[in-house]
Amino acid sequence: MTEQNKPISAQHEGGVDIYRKINTACLILIAVVSLVTALIYTRSILIPLVISIFIYTMITPLIRYLCFRMKFPRWLAIVISATIVLVPLVLVVIFISNSISNFVQTFSIYQAKLLESFNKLADLIRSYKIPLPDEMLELKSLQAMLTGPSSVNFLKGVGSNAVKVISYFSMVVIFVFFMLLGSGRTKITNTVIKEIQNKISAYLYIHIIVSIFTGICVGIVYFSVGLELSLMFIVCTMVLNFIPNVGSIIAVLLPMPIALMQFGPTASFWIVLIIPACMQFVIGSIMEPKLLGGGMDLHPVTIIGSLVFWTLVWGVPGAFLAVPMTAAVRIILSKLEPTRAFAEILSGRLPK
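Remember, it's a predicted structure, so these values are computed and weren't measured experimentally. (Residues numbered from 1 in each chain as written. Predicted model: local features only at pLDDT ≥ 70, side-chain atom pairs only at ≥ 80, totals over all residues. Heavy atoms only, no water.)

Enquirer: What exactly am I supposed to notice about the overall build of the protein here?
Expert: Scanning the protein for helices and strands turns up 15 helices and 0 strands. Per-residue burial for the protein yields a buried fraction of 34% across its 352 residues. Of the accessible surface of the protein, which amounts to about 21300 Å², a share of 72% is contributed by carbon and sulfur atoms. (Helix = DSSP H or I, 4+ residues; strand = E, 2+ residues; numbered from the N terminus. Buried < 20%, exposed > 50% of the residue type's maximum accessible area, 1.4 Å probe, protein only. Areas by Shrake-Rupley, 256 points an atom, 1.4 Å probe, with all protein chains shown as cover.)

And the structure:
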């Protein structure tokens, strides 16, 4: 009787195992959906909080260096470190805000210049008898876009985004101030937090150095040809360099309308396009990976996937935070036995 019941009990146990796996998968799916929903609905608070945490991770190594190596008092080390990190950020935000304000005020001038440049380009195409539809060469759709409601909506969007950046940055400064105020009271002993802090601070410092170097190289090209708004495009290049892969492409294409208006399809226009593109490729594909090494331990496909995910969840700020956020998640997953396989996949290695 017992032997006859063995296959039934084995089938029952197999069914229970399948049920447990399905139940676990459903719970994980519900948890992920709930987490993403929470991230979306609380982004107005979480985005400045996460940015302030990353800024704080940049400041703490400077504080430690000034306290233990230079023997500065802790309060003085905090003031100096916060000044070194925060003042350049404040200047960048102020400069970008002023540039956006000036651009909005002079937008009508650039509208006329852009239409004139496209008309010259259309005449050049006609002179070479390139077979293109007349509707395209007459630029009616472009005129409607530049003078119609879409241009007004564009200006409104630029203005609202500028206000949002300023409000986010104000919250970031407040968060960082309170973090620095409470620093030093408790020592961090958790190895996971230490690893996250060390890797993210190293990533941010290396990325800042690479971004400044990229801005200098690109700035030499822009100033040599006399490009208008060169300083704004240099700052945008340094800021956009924090968005992996896509940021460098946007930084190269951003000055193109101004260059076309100013130079037309001449040699100066192609210099502004081609040389910075080659610089971005060399710095982003050769120099930066060598400096970073395997610090973040993320596969290129993981970086692209994280960029898409965090941009969908948090918008443009999510694109800037994609790599350090995903790196922090990978470190946490690697320390937990049930999720270690997922950390290996994020690193581009098949779990054993």
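Enquirer: Which parts of the structure should I look at to understand the environment of methionine 287?
Expert: Mapped onto the elements of the fold, methionine 287 is located in helix H12 (residues 267–292). Distance from methionine 287 to valine 210, taken between C-alpha atoms, is 8.3 Å for residues 77 residues apart in sequence.

Enquirer: Whenever I open this one, a nonpolar patch on the surface confuses me. Can you help?
Expert: A contiguous nonpolar patch, built from Ile174, Phe177, Phe178 and Leu181 and spanning about 430 Å² of accessible area, is present on the exposed surface. Structurally, phenylalanine 178 is set in helix H7 (residues 149–181). (Patch = residues over 30% accessible without salt bridge, like charges linked within 9 Å, V, L, I, M, F, W, Y side chains within 5 Å. Salt bridge = Lys/Arg side-chain N within 4 Å of Asp/Glu carboxyl O.)

Enquirer: Before we go on, may I ask you to explain the pattern of salt bridges in this structure?
Expert: Tallied over the entire structure, the rule returns 2 salt bridges. The salt bridge partner of lysine 335 is glutamate 195, with a shortest N-O separation of 3.1 Å. Of the two residues, lysine 335 sits in helix H14 (residues 316–335) while glutamate 195 sits in helix H8 (residues 191–225), which places them 140 residues apart along the sequence. For lysine 335, a relative accessible area of 41% puts it in the partly exposed group. The structure contains a network of salt bridges with shared partners spanning Glu195, Lys199 and Lys335.

Enquirer: Hey, could you run me through the environment of isoleucine 212 in this one?
Expert: By the secondary structure assignment, isoleucine 212 is in helix H8. Isoleucine 212 gets classed as partly exposed once you look at its relative accessible area, which sits at 41%. Each C-alpha atom, one on isoleucine 212 and one on valine 235, is 8.9 Å from the other, the two residues being 23 residues apart in sequence.

What is shown is where atoms sit, not what they do.
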